[in-house]
Structure formats: C-alpha cells, structure tokens
Amino acid sequence: MSEKFDVIVIGSGPGGYVAAIRAAQLGLKTACIEKGKNGGTCLNVGCIPSKALLDSSYKYHEVKEAYGAHGIATGDVTIDISTMMKRKDKVVQQMSGGIGGLFKANGVTSLAGTGKLLAGRKVELTDAKGEVKILEADNVILASGSVPVNIPSAPVDGKLIVDSTGALEFSEVPKRLGIIGAGVIGLELGSVWSRLGSEVVLLEAMDNFLAMMDQQVAKEAQKILKKQHLDIRLSCRVTGTEIKGEEVEVTFTDKDGNEQKQTFDKLIVCVGRRPYTQGLLAADSGVNLDERGFIYVNDLCSTDAPGVWAVGDVVRGPMLAHKSSEEGVMVAERIAGQKPMVNYDIIPNVIYTHPEVAAVGRTEEQVKADGDAYNVGIFPFMAVGRAVAADEADGFVKMIADAKTDRVLGCHIVGPSASDLVQSVAIAMEFGSTAEDIGMTVFGHPTFSEAVKEAALAVNGHAVHMPNRKRK
Ligand code: NAD
C-alpha cells in the first residue's frame, strides 16, 4: 500500500514551503518533498545570501567612503572575505533551518528526495540512496522553481565563468569582474563586488537600461550607478569567451557593431532564469508545458491534470519569491475549498542596489501604451529633510494616477528604503486608493516616506515642499 496524503508539494522554495504550511494549517495531511535544502533558490542561493553580501559590502563601503563626512575617523579599513562568507552561510543556515521548524510546528511531513509526478496524482519519491517509494495524494502542487539560463558563448565552468550561485562563493575579490546581463542579478552582484574593490563591467544586450522598469526611474538609477563606478555598457552582445590561463577573454560586439575584446579575472553570466522541470513529469502525467517550457496553468495555478497545481518560477509571471508564496497560499486555500485569488496587477518588484529601485503597478510607458489618460507626480528625496540628514538624497518617487478617477496606477521609486516605501503604495492600491487619499494621509516627520505623500500631492499639483508643475 502506498502512503496517501491530502496534499503533496514537490519543492520547498518560497512557493512550495508556504503552500505546504498553509495546507497543513487548513487541516490537510501534507507532505513536502525536497531534494536539496529547504528554502529553494531564494533562501539558499538567491535573495537571502545575496542580501547578506549586499549588507556586508555596503557596511564596508560606508566605513571607507561615508564616515569621514560625519567626523568619524576609521584609519585603515580591511575586509576579510572568508568571515563575510561564513556570516552569509550562517544567515542561510538559520533561515533554511527555520523552515524545518515551521514544518514541524504545523505538522507538515518533510520528505528528503526527488519527486516525480506520475499519472493519477501518484508521486514517485527517490531518496539519496536511490530507494524508490510511490506516494498518493488528492492534490499535488508542483513548485520546482527555476535555474539560470546558460548561453553557448559563455559556458559556465564554475571557476572563471560562474552563474549567480558561483558569484556568491568567490574566495577573494576579483580585480576585473565582467558581468553578462545588466538585469536584477547583474546589478545586485555587481554592486557587492564593486563595493569590495572590483572594477566591474556589465555587458547588456538591450538598448535600454532596465527595459521592464519605468524608464524615467531606470535613467536616474543608471546615472547613480555610474557614479558608483559600475561600467554599464548597453547594446553589447557577447559572441564568445576564451579561458587564457587564470583569465577569461570576452569577445562582444559594441553598440556601433564593432567587435571588442576584454579580459577579466572572473565572469558572471546572469542573463535570466528558466523553469526547472527536468525529471519532474512522467510522460503520462497529464501536465503540459507552454512553448517557453513553463508548466501550463490557468489564473488559479491549475494545470491540465485534474488535482495537479503548479506555482512560482516554474509557471508564467514574474520570477519573484513573493509572487510564488502568494500562489502557494492561493492553491492551498483553493484545495481547502476557499476562493482566494492572486492580484497579479499589484506585485511589487525591488532591485537591491543602493539606493534601491522599487516598483508596483504599471509604468508610464505601459499606461501610455494602454491609451489611458493619466497624471504624474514626482518628488525628489533632495527635498526630504530626513533624506538630506541621512546623506541619502539621491533619487525620487514617481506616482502615476488615472486622470479621470485619480486612482493610483503605479508607483516607481529610486531612493532610500524604496523597497519598504513602495509597499505602502501597494497596500493603498489594494484598497483602490486615489492619489488624493495618499496625499490626505498623515505621514510621520521626518521620514523618507514623506516623499510618497508629496509625490501623491504632486499628482494633482499640490506638493508643498517644491514648486508644482504648471498644468494646462
Ligand atoms: P533579468 O531578466 O533580470 O536580467 C537579465 C539581463 O540579461 C536582461 O537585461 C537581458 O537583456 C540580458 N541578456 C540576456 N542575454 C544576454 C546576452 N547574451 N548578452 C548580454 N545580455 C543579455 O535576469 P537575472 O538578472 O538573471 O535574474 C533572473 C530572475 O531572478 C529574474 O526574473 C529576477 O526577477 C529574479 N531575481 C529577482 C531579484 C529581486 O527581486 N531582487 C533578485 C535576483 C533575481
């Protein structure tokens, strides 16, 4: 007799582990299968370790570059990379261990091994010794995540050419660091190693910087990052790489179509991620993939096989941990008979450079393309007392509202604590807020968040701490 569960989740990343916990909370007998460590990409080789390194490197940068202005003399400042890495590993361990604790507390059965979906909601579990068990469930949730995209012109060797995982493990600061792809990962890892002393060159194929972001915010971010010595080269296509001893020579065509060569001590390839479905589905599982290799699901994360669901990076939509978790909760609650939905229109998005870049809702380019009439309010951090006092006055808040209803359509921020500020606007948008509503809300003073209030006021020409644009 095979063991039977109400719900089996395959994968324990932020999609899978959250789905498992929620299902167990709702009284369902739940198992979660994981072949690696609990927490998936986010906790083990993504969001959490990269934030640990971003914080360590920023502290180092601040002590070296920013303390002097406050009258703090520090003398010679050094950084021990091995201590920094050990701290990062400890953070990861703590967070990953926390999931095990949450599984226990909620009664989720944690199963180590590789899961494969068979026909009829059966799951084959192969453990590390190669022993195979067949499990059964009323519902199966696939949450197998994503892996880095490889390009033939720069094959990862794990030594000189690495992907985002390898770039979290350097044992010393590379003098010359090349990065293919100036996307989210390229900018975050580029910031880490640049602060620690690397000369960083980012080769980006697109003509526009951060093409998916509001372009006014992207341009401001580009200006600020350039001042931080990130050498971002747009319209550059990498055509080949050659390992020459301890160096890697990269060949690329520049924006004028000329072939160029540049030599680096390390090269990071971060040109996107792809859904991970290798070995996940038996031929007769009934689950289909779309033309890009994602598991095909409807708006409710239901696959083509009855009782089989899929969430997170392995399905359509932005590859963001919080999007995965929301889908996990939605599916668990739907299995339990509730009727929640994920609001895909209001998913915040953050890039953890310094300052941070954050967005929620539609960009000005998208609103324009949709043909909607709109108003924009912009407020610079330079006019925010708290930001000036903290030496964090770069950037601005941009709010976009519908011209007829004044409803907030989007908010785009480059500036201090942008990740947290954008969240307040996301809450407002969930409640269908107008720009006027936000403008009428009392914000504490002095806070960075006053820039949000003032940008909302600026939408209707009422900002107080700067001259408003004349309206026609
Ligand atoms: P990305 O899509 O953000 O950026 C990849 C970049 O590489 C793009 O700008 C693309 O134009 C460029 N590119 C593609 N092929 C190229 C080539 N041959 N030569 C030069 N440039 C090329 O992807 P990423 O940075 O690898 O991140 C992967 C995923 O992980 C993203 O979906 C991202 O949202 C997610 N992620 C999120 C966070 C966060 O939320 N803070 C952090 C890290 C990763």
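See the structure above.
What you see is a predicted model; the values in this text were computed from it and never measured.

> Pulling in residues and values, what's your account of helix α12 (residues 450-459)?
Extensive coverage of α12 is indicated by the burial of 9 of its 10 residues. Among all positions of α12, only E450, A451, V452, E454, A455, A456, L457, A458 and V459 are buried. Those residues of α12 hidden inside the fold are in contact with β20 (374-380), β21 (396-402), α10 (418-430) and α11 (435-440).

> Just give me the short version of the pairing of strand β15 (residues 266-269), but keep the residues and values in it.
Of the strand pairs in this sheet, strand β8 (residues 161-162) and β15 are connected by 2 bridges, and their pairing is parallel. The partner of V162 across the bridge, within β15, is I268. Here strand β9 (residues 176-180) runs beside β15; their pairing, made up of 4 bridges, is parallel. Bridge pairing in β15 links I179 to I268.

> Give a detailed account of α10, specifying residues and quantitative values.
In a regular helix each residue adds 1.5 Å, so 13 residues correspond to 18 Å; α10 covers 18 Å between its end C-alpha atoms and thus fits that length. Those residues of α10 lying buried are A418, S419, L421, V422, V425, A426, A428 and M429. Residues of α10 that are buried in the fold lie against β18 (349-351), β19 (356-361), β21, β22 (408-415), α11 and α12. Of the residues trailing α10, G432 is marked for its positive phi of about 70°.

> Would you mind going over the layout of surface pockets in detail, with residue names and values included?
By volume, the second largest pocket is sized at about 1100 Å³. Around the second largest pocket, the lining comprises 36 residues; the ones closest to its centre are Y58, H61, E62, H354 and E392. Breaking the lining of the second largest pocket down by element, the ones donating at least two residues are α3 (47-66), α5 (184-195) and α6 (215-227). The leading source of residues in the lining of the second largest pocket is α3, at 11 residues. Across the lining of the second largest pocket, the residue classes break down as 13 nonpolar, 11 polar and 12 charged.

> Give me the pattern of salt bridges: which residues, what numbers.
The full count for this structure, using the stated rule, is 21 salt bridges. Its salt-bridge partner being E247, residue R176 comes within 2.9 Å of it at the nearest N-O pair. Of the two residues, R176 sits in strand β9 while E247 sits in strand β13 (residues 247-253), which places them 71 residues apart along the sequence. You can call R176 partly exposed: its relative accessible area is 24%.

> So, the site of the ligand: which residues are in play, and what are the values?
Close to the ligand lie 20 residues, the nearest being I185, E188, E204, G272 and V350. Contact between the ligand and V184: an oxygen atom at 3.2 Å from a main-chain N or O atom of the residue. Take E188: an N or O atom from its side chain is 3.0 Å from a nitrogen atom of the ligand. In isolation the ligand has 840 Å² of accessible area, and contact with the protein removes 76% of it. Per-element accounting of the shell around the ligand gives the leading share, 3 residues, to α5. In terms of residue class, the shell around the ligand is built from 14 nonpolar, 3 polar and 3 charged.

> Talk me through the sheet that holds strand β14 (residues 259-264); I want residue IDs and the actual numbers.
Here 3 strands make up an open sheet; going across it, the order is β12-β13-β14 and the pairing antiparallel. Taken across any chain shown, the strands that pair with only one partner, and hence form the sheet edges, are β12 (237-244) and β14. Across this sheet, the average inter-strand angle for adjacent strands is 20°, counted without regard to direction. Pairing between β12 and β13: 7 bridges, direction antiparallel. What sits directly across from V238, in β13, is F252.

Conventions adopted
- Residues numbered from 1 in each chain as written.
- Predicted model: local features only at pLDDT ≥ 70, side-chain atom pairs only at ≥ 80, totals over all residues.
- Heavy atoms only, no water.
- Buried < 20%, exposed > 50% of the residue type's maximum accessible area, 1.4 Å probe, protein only.
- Helix = DSSP H or I, 4+ residues; strand = E, 2+ residues; numbered from the N terminus.
- Contact = heavy atoms within 4.5 Å.
- Pairing = 2+ DSSP bridges.
- Expected span 1.5 Å × (residues − 1).
- 1 Å grid on protein atoms, 1.4 Å probe; cavity = no way out; pocket = protein on both sides within 12 Å on 5 of 7 lines; lining within 4 Å.
- Points joined across faces, edges and corners; volume = space filled by probe spheres on them.
- Nonpolar A, V, L, I, M, F, W, Y, C, P; charged D, E, K, R; others polar.
- Salt bridge = Lys/Arg side-chain N within 4 Å of Asp/Glu carboxyl O.
- Near = heavy atom within 4 Å.
- Polar contact = N/O pair within 3.5 Å; in protein donor to acceptor, adjacent residues only side chain to side chain.
- Areas by Shrake-Rupley, 256 points an atom, 1.4 Å probe, with all protein chains shown as cover.
- Axes fitted to C-alpha atoms, helices over the stretch in contact; angles between N-to-C directions.

The quantities given are spatial measurements derived from coordinates; they are silent on function.
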